[in-house]
Amino acid sequence: MKIRNKKFKTPTTPKPQAIITVKDGNHVQTTIKCAKSNNIQIRIRSGGHDYEGFSYVSDVPFVIVDTLHLNSVDVNLQEETAWVGSGATLGAGGHFSGGGYGNLMRKFGLSIDNIIDATIVDANGNILDRKSMGEDLFWAIRGGGGASFGVILSWKLKLLHVTPQVTVFKVKRNVSDDATDVVYKWQLIAPKLPNDLFIRVQPNVVKIGQGDKKVVQVSFIGQFLGTIERLLPLPIGTPLESMLNEPNDPQPNYFKGKSDYVKKPIPKEAIESIWKLMIVGETLYMQWNPYGGRMGEIAPSETPFPHRAGNLFLIQYLNNWIEDSPEAIERHVNFSRLFYEFMTPYVSNNPREAFLNYRDSDIGANHPSNVTKIEIARTYGNKYFKENFERLVSVKTKVDPENFFRHEQSIPIRSCKSQI
Ligand SMILES: Cc1cc2nc3c(=O)[nH]c(=O)nc-3n(C[C@H](O)[C@H](O)[C@H](O)COP(=O)(O)OP(=O)(O)OC[C@H]3O[C@@H](n4cnc5c(N)ncnc54)[C@H](O)[C@@H]3O)c2cc1C
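Worth saying up front: this structure is predicted, and the values here are computed from it rather than measured. (Residues numbered from 1 in each chain as written. Predicted model: local features only at pLDDT ≥ 70, side-chain atom pairs only at ≥ 80, totals over all residues. Heavy atoms only, no water.)

## Some words on unusual backbone geometry
Right, so step 1: Of the consecutive residues Asn-350 and Pro-351, the connecting peptide bond is found in the cis state with omega at 0 degrees.
Right, so step 2: Following His-367, the chain continues to Pro-368 via a peptide bond in cis, the omega torsion being -5 degrees.
Right, so step 3: Here Asn-403, not a glycine, exhibits a phi torsion of approximately 55 degrees, which is positive.
Right, so step 4: Tracing the backbone shows Asn-403 in the segment after α10 (388–399). (Helix = DSSP H or I, 4+ residues; strand = E, 2+ residues; numbered from the N terminus.)

Okay, here's the thing in structure tokens:
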């Protein structure tokens with residue numbers, strides 16, 4: 001079974017009563033019927049990447065619907081569309097329904113901005129497409145998280161044109177050199193660069209020299225839709241020889257993720273103090289992903305994902321560690337919380353916005369998960385969805401009035417304070 005975060009692979013982690021590896025919509029229908037009549041919770045898993053394990057762990061009796069076999073990809077070149085099964089690639093079921101982004105975000109927006117149809121099995125066991133589910137539900141599953149509304153079987157995507165040649169690069173600078181200055185300037189420039197260029201900043205702690213000395217090293221990881229000749233005239237100042245195409249980092253072991261949105265540049269002195277705190281924690285690194293471009297052109301209510309114009313960048317905090325002990329889990333999770341607290345003055349507030357795909361149960365969660373309190377749901381809902389939360393609650397109330405599809409951070413129904 002795919003468990004990406006070892007935090008949820010301990011002897012005390014609750015185990016499912018069954019894992020149903022569905023092969024078609026019919027299997028999903030039968031599972032829903034069976035789970036309903038036995039009053040058992042369903043967890044839906046595609047890629048299994050959920051940061052808090054919500055797709056494969058529950059604190060009440062549960063079964064897992066695993067869509068790994070729904071992995072077909074049917075491309076229609078003439079129509080320039082593709083039907084993609086929810087178990088395809090890294091996990092289209094969760095990644096897309098949470099508002100998944102990639103390096104093309106500044107050019108084309110998010111995955112959800114390019115979805116034109118979907119099939120889903122709802123709480124009544126009906127298999128629906130866009131037409132039969134209606135625009136409200138179709139809106140909700142594009143960024144509101146699929147697992148509150150049904151089991152998504154597949155998505156229809158609009159294919160996009162990219163240049164035949166793409167240039168990628170990774171440039172590393174230590175903070176002891178000029179990295180702080182470059183990061184400060186990056187905040188001002190990266191969200192305004194041409195949409196063809198995406199440069200992510202990734203600070204992490206590295207050892208230097210023979211001893212135990214540690215410094216923060218910042219990687220500038222870029223993708224440009226075009227050739228290197230077109231890229232270099234842009235005012236970046238990166239020497240050609242430092243442009244590298246390196247393999248991805250290995251899969252994490254234990255991890256805790258959190259997220260923030262930044263709306264005004266973080267002052268240079270504050271950046272210096274952020275590096276100092278990173279050195280204390282040693283294992284926490286960040287990804288700063290620039291917004292702007294197409295992201296700023298799409299209205300916040302167009303999909304449930306509300307973080308559009310006005311954001312300079314999204315921060316992902318990722319604390320990865322390898323020690324195998326409950327004490328290590330507690331220590332590292334506590335450090336992540338302390339770091340998040342420290343960042344408070346520099347990030348969005350009221351609400352302090354968060355990205356659903358970087359699931360964080362610290363911002364509010366229902367325990368046990370078969371009791372959904374709307375006042376708790378509002379704490380995480382306002383952070384993930386802002387004004388769109390209330391519309392999500394309305395859609396949920398309409399399509400799943402018995403609150404069958406639920407988890408610790410699901411969308412609640414409106415009428416009840418709690419549901420058991
Ligand atoms: C190594 C790594 C890299 C990542 N990179 C990115 C990135 O570049 N951009 C980005 O946006 N995010 C990224 N993420 C976050 C990732 O998109 C989210 O964790 C996302 O929820 C993963 O979806 P999944 O299907 O793989 O996960 P799962 O754990 O299977 O599911 C996540 C959530 O979606 C629900 N769900 C899954 N399948 C379905 C379905 N068929 N129907 C209804 N609900 C469903 C689950 O129940 C759960 O609530 C990354 C995560 C990891 C671990």
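## Notes on the pairing of strand β11 (residues 214–224)
Right, so step 1: Of all eleven residues making up β11, nine are buried, and the element is well covered by its neighbours.
Right, so step 2: Pairing of strand β9 (residues 167–174) with β11, which is carried by eight bridges, proceeds in the antiparallel orientation. Among the inter-strand pairings, Lys-172 is bridged to a residue of β11, identified as Ser-219.
Right, so step 3: Of the strand pairs in this sheet, strand β10 (residues 197–207) and β11 are connected by eleven bridges, and their pairing is antiparallel. Bridge assignment links Pro-203 to a residue of β11, and that residue is Val-218. (Buried < 20%, exposed > 50% of the residue type's maximum accessible area, 1.4 Å probe, protein only. Pairing = 2+ DSSP bridges.)

## Notes on the nonpolar core
Right, so step 1: By size, the foremost hydrophobic cluster in this structure holds 86 residues, and its most contacted members are Trp-275, Met-286 and Phe-339.
Right, so step 2: The element contributing the most residues to this core is helix α7 (residues 268–281), with six residues.
Right, so step 3: Taken domain by domain, this core gets at least three of its residues from each of domain 2 (73–161 + 371–399) and domain 3 (167–358).
Right, so step 4: Not counting chain neighbours up to four residues away, the residues in contact with Trp-275 comprise Val-175, Thr-180, Val-183, Pro-203, Val-216, Val-218 and Met-286. (Core = buried A, V, L, I, M, F, W, Y, C linked by side-chain atoms within 4.5 Å. Domains from an automatic or database assignment. Contact = heavy atoms within 4.5 Å.)

## A closer look at a nonpolar patch on the surface
Right, so step 1: Together, Val-73, Val-75, Leu-77 and Leu-159 give the surface a local cluster of nonpolar side chains, amounting to about 360 Å² of exposed area.
Right, so step 2: Mapped onto the secondary structure, Leu-77 falls in the loop between β4 (73–76) and β5 (81–85).
Right, so step 3: What makes Leu-77 exposed here is its relative accessible area of 68%. (Patch = residues over 30% accessible without salt bridge, like charges linked within 9 Å, V, L, I, M, F, W, Y side chains within 5 Å. Areas by Shrake-Rupley, 256 points an atom, 1.4 Å probe, with all protein chains shown as cover. Salt bridge = Lys/Arg side-chain N within 4 Å of Asp/Glu carboxyl O.)

## Topic: the domain arrangement of the protein
Right, so step 1: As far as domains go, the protein holds domain 1 (6–66), domain 2 (73–161 + 371–399) and domain 3 (167–358).
Right, so step 2: Centre-to-centre separation of domain 1 and domain 3, based on C-alpha positions: 33 Å.
Right, so step 3: With four residues of domain 1 in contact, the opposing surface of domain 3 contributes 13 residues.
Right, so step 4: Both faces combined, the contact of domain 1 with domain 3 buries some 820 Å², and carbon together with sulfur accounts for 57% of it.
Right, so step 5: On the domain 1 side of the contact with domain 3, Lys-6, Lys-7 and Tyr-51 bury the most area, a combined 85% of that side's loss.
Right, so step 6: Put simply, domain 1 and domain 3 have two salt bridges between them.
Right, so step 7: A salt bridge links Lys-256 to Glu-52; the shortest N-O distance between them is 2.6 Å. (Buried area = accessible area lost by both parts, 1.4 Å probe.)

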